Amino acid sequence: DKFNQGMVDTAKKNFGGGNTAWEEKTLSKYESSEIRLLEILEGLCESSDFECNQMLEAQEEHLEAWWLQLKSEYPDLFEWFCVKTLKVCCSPGTYGPDCLACQGGSQRPCSGNGHCSGDGSRQGDGSCRCHMGYQGPLCTDCMDGYFSSLRNETHSICTACDESCKTCSGLTNRDCGECEVGWVLDEGACVDVDECAAEPPPCSAAQFCKNANGSYTCEECDSSCVGCTGEGPGNCKECISGYAREHGQCADVDECSLAEKACVRKHENCYNTPGSYVCVCPDGFEETEDACVPPAEAEATEGESPTQLPSREDL
């Protein structure tokens, strides 16, 4: 490819001297000159591409012989150089050590509906790997889920069925030969089965069912729900503890704002949390079983000495 691009890039060039007509008469035409060949060869490999440069060095004599002597007889460089001389490739549509024709022939391997194993190389076995929708040794038959929309001596075209069909003869859900899993035949057409309407429901108590074409999914209920019929706090069957139904959905109960105090110890602060609350003494207050003690009272209590009991001598 790089060689062919080099030929294109140099197609309109000449020797670049002051008297092109004299140069071409004396040195031969630039079009077929060795100078043009060298310019093309210089552009074949990047300086850092060791493998390319190594190959070029090993095969330069072959390229020079083709350019100066064989180009008119063998105009296709790839065919002469890669296929016939080096024998590392095969022509398109052929494969293997002997470059045999692929299944279906070298002109349209695999009927144009697949890839020939080893196509263009000295490898592979020539068998067909069919494109999606096609099957058979020559990729002319349709897979399940596809139907033959065109077939003659030279071409075979398979078109996808409606998603509801496992097999079909046309494009719609009324052309199904057999319904796909998740669909059922109803009045001559394959229609979706609503798995969510089944009894018992297919999902767990903490999930709701979401129907889809040919299938369904189980989605988790909102965290405020005890059972649900759909997504979000508005579809709860019941609310979990700490939540109550408000404006049609489960909302957090603010225990700290209720008439009956949630935190009953003296000086204690109440902080609402999702589904619950916490009772905390203010900063600096000491916590006792029945009160939050202010700093001054705590210090006074610590400073009092215990009552001294009378001694045996006093008695």
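Scroll up to find the structure this text is about.
First things first, this report covers the structure right here in the doc. Keep in mind that this is a model prediction, so the values were computed, not measured.

1. Structural notes on the overall build of the chain
Then, in step 1: The number of helices and strands found in the chain is six helices and 22 strands.
Then, in step 2: For the chain, the proportion of its 315 residues judged to be buried stands at 29%.
Then, in step 3: Residue pairs at least 24 apart in sequence account for 22% of intrachain contacts in the chain once pairs closer than 6 positions are excluded.
Then, in step 4: Total accessible area on the chain stands at roughly 21000 Å², and carbon and sulfur atoms take up 50% of it.

2. What to know about the state of the cysteines
Structurally, a disulfide amounts to a covalent bond that connects the sulfur atoms of two cysteines.
Then, in step 1: Across all of its chains, the model carries 17 disulfides by this definition.
Then, in step 2: Bridging C102 to C116, the disulfide has an S-S length of 2.0 Å. Residues C102 and C116 are joined through a disulfide that is left-handed, its torsion about the S-S bond being -80°. Of the two residues, C102 sits in the loop between β2 (100-101) and β3 (114-116) while C116 sits in strand β3, which places them 14 residues apart along the sequence. Across the pair, C116 and C102 agree in class, each one buried.
Then, in step 3: Paired through a disulfide, C130 and C139 show a sulfur-sulfur distance of 2.1 Å. Residues C130 and C139 share a disulfide whose torsion about the S-S bond is about -90°; that sign makes it left-handed.
Then, in step 4: Unpaired in this structure, C82 has its nearest cysteine sulfur neighbour in C89, at a distance of 4.6 Å.
Then, in step 5: By relative accessible area, which is 16% here, C82 ends up buried.

Here is what the cut-offs are and how they apply
Residues numbered from 1 in each chain as written. Predicted model: local features only at pLDDT ≥ 70, side-chain atom pairs only at ≥ 80, totals over all residues. Heavy atoms only, no water. Helix = DSSP H or I, 4+ residues; strand = E, 2+ residues; numbered from the N terminus. Buried < 20%, exposed > 50% of the residue type's maximum accessible area, 1.4 Å probe, protein only. Contact = heavy atoms within 4.5 Å. Areas by Shrake-Rupley, 256 points an atom, 1.4 Å probe, with all protein chains shown as cover. Disulfide = S-S within 2.5 Å.

Note that every value here comes from positions in space, so none of it alone points to a role or purpose.
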